[in-house]
Amino acid sequence: SMKINPPIRILMAKPGLDGHDRGIKGLAAAYRDAGMDVIYLGLRQTPESVVKVAIQEGVDVIALSILSGAHMTIFTKVMDLINEHKLKNVLVTGGGIIPNEDSKELSKKGVGQLFGPGTPVKESLEYVENWVKENRR
């Protein structure tokens, strides 16, 4: 894991009505251990609350965990808000049970790589680090 200065600021949240946060709490801890500045918003966030905090905190990355099946709606709304607020160089990524076709569709809207359940932490961590290294302004 590389040291990036200033540290990557990543906002992690579980939008929608999904009641489990064990997985994302584990990820938040792993990302902190890797030297990232993690802002963990917790459960039942709305796209609006996520983007509002992202703006206030000046984050590099928004990572959303969605297992409820509402990924198309939520990711699309987040991208709409990001475009509306003209946020540049913010990676929107995340994970959940997201069919391939949906990932492709979301990628066309500007969503970054999405990670399925059981993805090794190292894989998403390196993806985020590499993205920020290349795109941070």
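Whatever comes next refers back to the structure up there.
Here we summarise the structure given alongside this text. (Residues numbered from 1 in each chain as written. Predicted model: local features only at pLDDT ≥ 70, side-chain atom pairs only at ≥ 80, totals over all residues. Heavy atoms only, no water.)

A look at the overall build of the protein
Then comes step 1: Each helix and strand in the protein was counted, giving five helices and five strands.
Then comes step 2: Secondary structure elements in the protein, listed N-terminal to C-terminal, are β-α-β-α-β-α-β-α-β-α.
Then comes step 3: Residues counted as buried form 45% of the 137 residues belonging to the protein.
Then comes step 4: Relative to all contacts within the protein whose residues are 6 or more apart in sequence, the contacts with residues 24 or more apart total 72%.
Then comes step 5: Between the mean site of the 18 positive side-chain charges and the mean site of the 16 negative ones, the protein shows a separation of 2 Å. (Helix = DSSP H or I, 4+ residues; strand = E, 2+ residues; numbered from the N terminus. Buried < 20%, exposed > 50% of the residue type's maximum accessible area, 1.4 Å probe, protein only. Contact = heavy atoms within 4.5 Å. Lys, Arg positive; Asp, Glu negative; His and termini not counted. Charge placed at Lys NZ, Arg CZ, Asp CG, Glu CD.)

Topic: the nonpolar core
Then comes step 1: With 23 residues, the main nonpolar core has L11, I62, L64, F75, V78 and V92 as its most contacted residues.
Then comes step 2: Looking at which element gives the most residues to this core, the answer is helix α3 (residues 71-84), with six residues.
Then comes step 3: Ranked by size, the runner-up nonpolar core spans 19 residues in total, among them Y31, A63, F115 and V128. (Core = buried A, V, L, I, M, F, W, Y, C linked by side-chain atoms within 4.5 Å.)

Brief notes about helix α1 (residues 22-33)
Then comes step 1: The end-to-end C-alpha distance of α1, which contains twelve residues, comes to 17 Å, matching closely the 16 Å that a straight helix rising 1.5 Å per residue would cover.
Then comes step 2: Among all positions of α1, only I24, A28 and Y31 are buried. The arc that holds every buried residue of α1, seen down its axis, measures 70°, which confines them to one face. Residues of α1 that are exposed and point over 90 degrees away from its buried face: R22, G23 and D33.
Then comes step 3: In this structure, the buried residues of α1 make contact with β1 (9-15), β2 (37-45), β3 (61-66) and α5 (121-135). (Expected span 1.5 Å × (residues − 1). Arc of directions from axis to C-beta.)

Concerning the sheet that holds β1
Sheets are built from strands paired through backbone hydrogen bonds, the pairs being either parallel or antiparallel.
Then comes step 1: In spatial order, the strands read β2-β1-β3-β4-β5; together these five strands make up an open sheet with parallel pairing. For this open sheet the edge positions go to β2 and β5 (114-115), each flanked by a neighbour on one side alone.
Then comes step 2: Note: β3 against strand β4 (residues 91-96), six bridges, orientation parallel. Bridge pairing in β4 links A63 to T93.
Then comes step 3: Along the sheet, α1 makes contact with β1, β2 and β3, crossing β1 at roughly 175°.
Then comes step 4: With respect to the sheet, helix α2 (residues 47-57) is in contact with β1, β2 and β3, its orientation differing from that of β2 by roughly 160°. (Pairing = 2+ DSSP bridges. Axes fitted to C-alpha atoms, helices over the stretch in contact; angles between N-to-C directions.)

Brief notes about the environment of L43
Then comes step 1: Residue placement: L43 occurs in strand β2.
Then comes step 2: Classification of L43 as partly exposed rests on a relative accessible area of 25%.
Then comes step 3: Sequence spacing of L43 and L27 is 16 residues, and the spatial spacing of their C-alpha atoms is 14 Å.

Let's talk about the environment of A30
Then comes step 1: Looking at the secondary structure, you find A30 in helix α1.
Then comes step 2: Taking the C-alpha atoms as reference points, A30 and L125, 95 residues apart in sequence, are found 8.7 Å from one another.

Overview of the side chain of S65
Then comes step 1: Counting through the fold element by element, S65 comes out in strand β3.
Then comes step 2: Only 3.3 Å separates the side chain of S65 from the side chain of K14, close enough to count as a polar contact.
Then comes step 3: Look past the residues within four positions of S65 in its chain and what remains in contact with it is A13, K14, P15, I24 and G95. (Polar contact = N/O pair within 3.5 Å; in protein donor to acceptor, adjacent residues only side chain to side chain.)

Let's talk about the pattern of salt bridges
Then comes step 1: Per the counting criterion, the structure on display carries six salt bridges.
Then comes step 2: In this structure, D37 and R9 form a salt bridge, with 2.3 Å as the shortest nitrogen-oxygen distance. You can see D37 sitting in strand β2 and its partner R9 sitting in strand β1, a full 28 residues away along the chain.
Then comes step 3: Ionic pairing is found between R136 and D60, a salt bridge with its closest N-O pair at 2.8 Å. Note that R136 is positioned in the segment after α5 and D60 in the loop between α2 and β3, a separation of 76 residues in sequence.
Then comes step 4: Residue R136 is classed as partly exposed on the basis of its relative accessible area of 23%.
Then comes step 5: Through salt bridges that share partners, R9, D37 and E57 make up one connected network. (Salt bridge = Lys/Arg side-chain N within 4 Å of Asp/Glu carboxyl O.)

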